[in-house]
Amino acid sequence: MHVVIIGNGIAGITAARFVRKNGDARLTIVSSETEYHVARTALMYAYMGDLRESDLKPYEDDFWTKNRMELVLDHATDLDTAARSVQLASGRRLTYDRLVLATGSRPNRFGWQGEYLDGVQGLYAWSDLKTMQRVTEGITDAVVVGGGLIGIELVEMLRSRSIDVHFLVRETAYMDHLFSRDESELIHRQIDRHGVHLHLGCEVDRFEDDGNGRVAAVTTRDGRSFPAAFAGIGVGVHPRTELAEAAGIETNKGILVDRSFRTSAPDVFAAGDCAEFRRPLVDGRTIEQLWYSARRQGRILGLILSGKDLSYDTPVFYNSAKFFDLEYQTYGSVPATDDAGLETRAWQDGTRLVRVARRADTGALAGVTGFGIRLRHDVAATWIRAARRATFSGQDVRELAFDPEFTSLPHNDIARELSAWT
Amino acid sequence: MTRHTDTAVATDLTLRWLVRGTTATAAILLLTAVFDIWPFKPLASTGTAMLLLAAAVTIEVSRRSGWRSHRIHHRWAGMLTGLGILGTLIAISGVGQAWPIPMFGLGLGALTVGSTWMILARYRSTPEGVDNHGVMTNPTMNRGAAGWMLGILMTGFYVLVYWYPSALDGLVRTTDWLSWAMRGRAADHWFMYSLVYTLAVAVFGIRAWYRYRHVKYQRLRTLSVVFVQVILAFVLPSILVLFQQPEFYFSYFWPLKWTYLWPGDYGMGWILADSGRLGMFMIGWGAIMSFVATPILTYYYGKRWYCSWVCGCGAMAETMGDPYRHLAPRSTASWQLERWMIHGSLLVIVVATAVLWINSATEGAMLGSLSGAFAQTYGFLFGSIWAGVIGVGFYPFLGTRIWCRYGCPMAAILGLQQRFFSRFRITTNGGQCISCGNCSAYCEMGIDVRWYAQRGQNIVRASCVGCGICSSVCPRGVLKLENGPADGRLGRPVLVEWEDVDILSGYD
């Protein structure tokens, strides 16, 4: 059996790894982005000089030959689902028994004037890193648009080179759809401490041309203008579906798949950022665009391709981020504000914050979030899965904490605060 | 607004002046050599001048290739440090013998104060948190021209200390006053070396403290290595000498300090000869540390209790070596070589110790009078070349733990125990790893930490010295050094979110 995978991001690579773990299929991975799989999550560290570009490869180069995976640096231009073949830009044609579309996504743009000027870009692919390195060389001013995880990463990257940054966020508090007010404030303070000019409730109107096709400034809807030799955009991503669409595979926002990642074409599968589930997942979402979810999807797909009878379901949700020096981890559901279904309690001490959520009707633990505190994944997930009562002892907090040795945490105080439901 | 450009321009200007100043000093030194002007010594002056010219070329090359990431945070502190380096070299060129105390002030003194000041200026004003920005692009830290220069200088210093100590006499004399005060006798090159080593650990200890001050584990560990180096490896041995006792180091044990349990004059003979009862205590202390305390501590805490909390080699690696930790070889081949070499080294020490004791018990039946020569050759090969010249001199080429990885018999035996009989492990936090690679890149032992972290597997490796930097640099809080129950610490790779599938398919 020949499995061809389009895309060497985490979804495609994880699928390939699990196909190989469970069998002998021939594996070909096509990517026009990089020769070897790189950790997309570490692009920022390569830019900041924390890592060498070679450090971004999670596997040594001989890993691929050892595991008999053929890596093809090429672009898939056309897909013929009847002939079961993929046309590559170089002229090569690959025939497959199973095809995986793991084409990922690309940064959103919203039709702003000047949004394709030189120096205006998102941060998603290897090429974005290379472009950003080139266009920010020696510049002094930049603007970043979009108060999400990529937005703040772009800000941190630029600050590492002492570039003056105006950070434009549409919401009135950073990530207010996910974070409560006190949590957003923690991040505002981080942003401030690193010398960034944060503008909340600020929307972009247009990107100004310097006369040579390069961005010179960003003008906001309220008429302000910020000088910018670079404008980073972090306002979300959308699935890359063009290859599937051209082949007549059903798409909506993403490539439509069932819970076994099957698309509308026989033996063609899609997973990761580019896939959209026909039936919503437990929490109502149909597209998952986290690195973690792509890895999980890739694994289940790899097992399915190896003949296992599985269907995809979301686990206890988890995610993590780092806002400058502030680490963030979250497990389960922790809403930004108490709603009918969930209520929350928090303990806070300076930059450290723990918040738990419980179901209003049963009192069961629904989720837990930590800022500046590391939480043990398996403990949090096990408690949430078991719908444990959301009251804690000091010992519970000790079990949950994952901070380095000698970190002083007032476990008993935390337990008391988090258990004091009214 | 234009801070970045200002800093870059300022740095460039400073570097230009540095090149001019260095070249001018070299020219003056050459003149003193040509006309044999007292107190300069022609040979030493010429040597120093050549070194300065090489430095000028290096700085110029680095400057032209865009030495931007190297920002000078406080001009006066930078100049004082530069003066200290220059003063040290000029002291070596002969002036140190003529004016020892002023040259100490202008040399090692200025270097210590200046570099401490630079470190404070650099780190006190920046927010707490990991800041490795530019580490991988800075030529001094990445085998650029300046890195090569530094490596050659450090290696050269070791070569002189071991083989041509008389060349360093000018510098040794500047430390006489301290040696008299501490030990009641004039300095020799070993005292000077010990002082320089201790100052390096202390000054760069301040740097390590500030860099990782947001993690208490790192603060305590840094305090520990600096304390042990300053007190147990410098002050206490000096005081012992002052009271006519053997110069004994309470922080080194067999098999790292193999001679402490070797028979004869090259072994513990000299300890007992100089001092009866205290000598017996020292031998007893060494033996108990080697055979009782070490296994117990390693069982509970892993080899880190020694390698990154106590050991002087570790102290140097964790402080002055910190800027070079990412240079550790990390290929599979380097790991295979490491296993052969370090266990070979342990084997050699164990066999040598046994042979020397049999030889001693049989009154020279095996080696005869050769035993002294054998012990000496051995000490030279391992102690000098391996631990010193390559172990520290090569920091800017091969990273900081070359000796610890490829040579140290103590690391080998602690490692074997850590791997097979200890409670220590590094735990990974479920599925939170994002495969970014910071842990692997900054592992000074060249362990591919990410390989474990991204599959959610505990890290139990013989070579891990438990410095904890992987945990500190991880942007997702995935790694935690722990001493848990020894049972099941290897574990299977656990990614908790995958449990459902695991039940269906069986893992691996």
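Before any of the text, the structure's been laid out above.
(A) Looking closely at the packing of aromatic side chains. Within the structure shown, the criterion is met by 47 aromatic pairs over all chains. Arranged with centres 6.5 Å apart and planes meeting at 35°, the rings of A:Y174 and A:F179 form a pair that is tilted. By relative accessible area, A:Y174 is classed as buried at 0%. Note on B:W148 and B:F397: the rings are 4.6 Å apart at their centroids and 45° apart in plane angle, and the pair reads as tilted. With a gap of 249 residues between them, B:W148 in helix α5 (residues 145–163) and B:F397 in helix α16 (residues 395–398) connect regions that are remote in the sequence.

(B) Here's a closer look at a nonpolar patch on the surface. All names here are of chain B. On the surface, I288, F291, V292, I296, Y300 and Y301 cluster together into a nonpolar patch covering about 600 Å² of accessible area. Among the structural elements, Y300 can be located in helix α11 (residues 276–301). Here Y300 falls in the partly exposed class, since its relative accessible area comes to 41%.

(C) Up close: the packing of helix α2 (residues 42–64) of chain B against helix α3 (residues 75–98) of chain B. All names here are of chain B. One way to put it is that α2 packs onto α3 with a least axis distance of 8 Å and a crossing angle of 155°. Taken together, α2 and α3 sit at an angle that is classed as roughly antiparallel. Note on element contacts: α3 touches α2 through L86, L89, I92 and S93, opposite A44, S45, T48, L51 and L52. Residues belonging to the contact of α2 with α3 are distributed by class as follows: six nonpolar, three polar and no charged.

(D) Structural detail: the environment of B:Y395. Residues and elements named next belong to chain B. With respect to the element layout, Y395 can be found in helix α16. Distance in space between the C-alpha atoms of Y395 and A328 is 8.9 Å, their sequence separation being 67 residues. Those residues in contact with Y395 that sit more than four places away from it in its chain are M154, C313, M316, A317, M320, G321, Y324, L327 and T400.

(E) Structural context of the sheet that holds strand β21 (residues 318–323) of chain A. All names here are of chain A. One open sheet accounts for five strands, arranged β21-β22-β25-β24-β23; its pairing is antiparallel. Only two strands of the sheet have a single partner each, and these edge strands are β21 and β23 (342–349). Pairwise comparison of adjacent strand axes, ignoring direction, gives a mean angle of 10° for this sheet. Inspection of the sheet shows β23 paired to strand β24 (residues 352–359) by eight bridges, in the antiparallel sense. Paired with L342 across the two strands is R359, which belongs to β24. Set on the sheet, helix α9 (residues 377–385) makes contact with β21, β22 (326–332) and β25 (365–371); between it and β25 the angle comes to about 155°.

(F) Expanded view of the nonpolar core. Judged by nonpolar contacts, the single largest core of 203 residues is most densely connected at A:L101, A:F323, B:Y306 and B:W403. The biggest single contributor to this core is helix α8 (residues 291–305) of chain A, with eight residues. When neighbours within four sequence positions are excluded, A:F323 is seen to be in contact with A:L149, A:I152, A:Y174, A:F179, A:I187, A:Q190, A:Y328 and A:F371. Counting residues in each nonpolar core, the second largest holds 32 residues, with B:Y193, B:V201, B:M320 and B:V392 among its members.

(G) Main features of the packing of α5(B) against helix α8 (residues 189–211) of chain B. Residue and element names in this part refer to chain B. Contact pair α5 / α8: the axes reach a minimum separation of 10 Å and the direction vectors enclose 150°. Our classification of the angle between α5 and α8 gives roughly antiparallel. Classified by chirality, the crossing of α8 by α5 is left-handed. Where α5 abuts α8, its residues F157, Y158, V161 and Y162 lie against H189, W190, M192, Y193, V196 and Y197. Class assignment for the residues of the contact of α5 with α8 results in nine nonpolar, one polar and no charged.

Scoring rules and cut-offs
Residues numbered from 1 in each chain as written. Chains lettered and ligands numbered in written order. Predicted model: local features only at pLDDT ≥ 70, side-chain atom pairs only at ≥ 80, totals over all residues. Heavy atoms only, no water. Phe/Tyr/Trp six-rings, centres within 6.5 Å; stacked < 30°, edge-to-face > 60°. Buried < 20%, exposed > 50% of the residue type's maximum accessible area, 1.4 Å probe, protein only. Helix = DSSP H or I, 4+ residues; strand = E, 2+ residues; numbered from the N terminus. Patch = residues over 30% accessible without salt bridge, like charges linked within 9 Å, V, L, I, M, F, W, Y side chains within 5 Å. Areas by Shrake-Rupley, 256 points an atom, 1.4 Å probe, with all protein chains shown as cover. Salt bridge = Lys/Arg side-chain N within 4 Å of Asp/Glu carboxyl O. Axes fitted to C-alpha atoms, helices over the stretch in contact; angles between N-to-C directions. Parallel < 35°, antiparallel > 145°, perpendicular 65-115°, else oblique. Contact = heavy atoms within 4.5 Å. Nonpolar A, V, L, I, M, F, W, Y, C, P; charged D, E, K, R; others polar. Pairing = 2+ DSSP bridges. Core = buried A, V, L, I, M, F, W, Y, C linked by side-chain atoms within 4.5 Å. Left-handed = near helix turned anticlockwise from the far one by under 90°.

Everything listed here is a matter of coordinates, which is why it stays silent on function.
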